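# Secondary and tertiary structure notes
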Amino acid sequence: MIAKTRRVTGCLRTSITTDATGRSTLDWHFDQDVLQAEAAVDGWYALLTILTPEQADAAEVLRRHKGQGTVERRYGDFKGPWPSPPSSRMTTRGSPHW
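About the criteria used
- Residues numbered from 1 in each chain as written.
- Predicted model: local features only at pLDDT ≥ 70, side-chain atom pairs only at ≥ 80, totals over all residues.
- Heavy atoms only, no water.
- Phe/Tyr/Trp six-rings, centres within 6.5 Å; stacked < 30°, edge-to-face > 60°.
- Salt bridge = Lys/Arg side-chain N within 4 Å of Asp/Glu carboxyl O.
- Helix = DSSP H or I, 4+ residues; strand = E, 2+ residues; numbered from the N terminus.
- Pairing = 2+ DSSP bridges.
- Contact = heavy atoms within 4.5 Å.
- Patch = residues over 30% accessible without salt bridge, like charges linked within 9 Å, V, L, I, M, F, W, Y side chains within 5 Å.
- Areas by Shrake-Rupley, 256 points an atom, 1.4 Å probe, with all protein chains shown as cover.
- Buried < 20%, exposed > 50% of the residue type's maximum accessible area, 1.4 Å probe, protein only.

To continue, consider the packing of aromatic side chains. Summed over all chains, the structure comprises one aromatic pair. Residues W28 and F30 carry aromatic rings whose centres are separated by 5.6 Å and whose planes lie at 85° to one another, so their mutual orientation is edge-to-face.

To continue, consider the pattern of salt bridges. Side chains that differ in charge, positive against negative, can pair when their charged atoms come close. In this structure the tally under the stated criterion is three salt bridges. The shortest N-O distance in the salt bridge between R13 and D31 comes to 3.3 Å. Here R13 is found in strand 1 (residues 12-18), whereas its partner D31 is found in the loop between strand 2 (24-30) and helix 2 (32-40), with 18 residues between them in sequence. A salt bridge links E60 to R63; the nearest nitrogen and oxygen atoms lie 2.6 Å apart.

Let us now look at the pairing of strand 1. In terms of strand pairing, strand 1 meets strand 2 through seven bridges, oriented antiparallel. When the bridges of strand 2 are listed, S15 appears paired with D27. In this antiparallel pair of consecutive strands, strand 1 and strand 2, the connection spans five residues, and G22 shows a positive phi of 95°.

Here the focus is the environment of T18. Its location among the elements puts T18 in strand 1. Not counting chain neighbours up to four residues away, the residues in contact with T18 comprise R23 and S24.

Together, I16, L26 and W28 line one region of the surface with nonpolar side chains, adding up to about 380 Å² of accessible area. Residue position: L26 is located in strand 2. Accessibility expressed as a relative area gives 53% for L26, which makes it exposed.

Attention now moves to the environment of R64. Relative to the elements of secondary structure, R64 occurs in helix 3 (residues 58-79). Looking at R64, the relative accessible area reads 41%, which means it is partly exposed. Beyond its immediate stretch of four places on either side in the chain, R64 contacts L51 and Q55.

Okay, structure coming up:
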């Protein structure tokens, strides 16, 4: 369950053993080497762009990407919220069956 919901399958190590009496034991631990490697690159993301190096260097691509959310919010503000139907048009009656 932990591995499915927390995305830890890459670093979770398990083993199931049976002792002489037939009792099963589940042992598990997190692989510290994998956790350290993941922590070293935590927060790194690749940005794919059609811009050439002459048009924008890595810093410019990042600056443009960081500003994209502002542009999208402003566009949403410009469009405004979706209009909701007046309550007088709402009905709880179903359509008539002829």
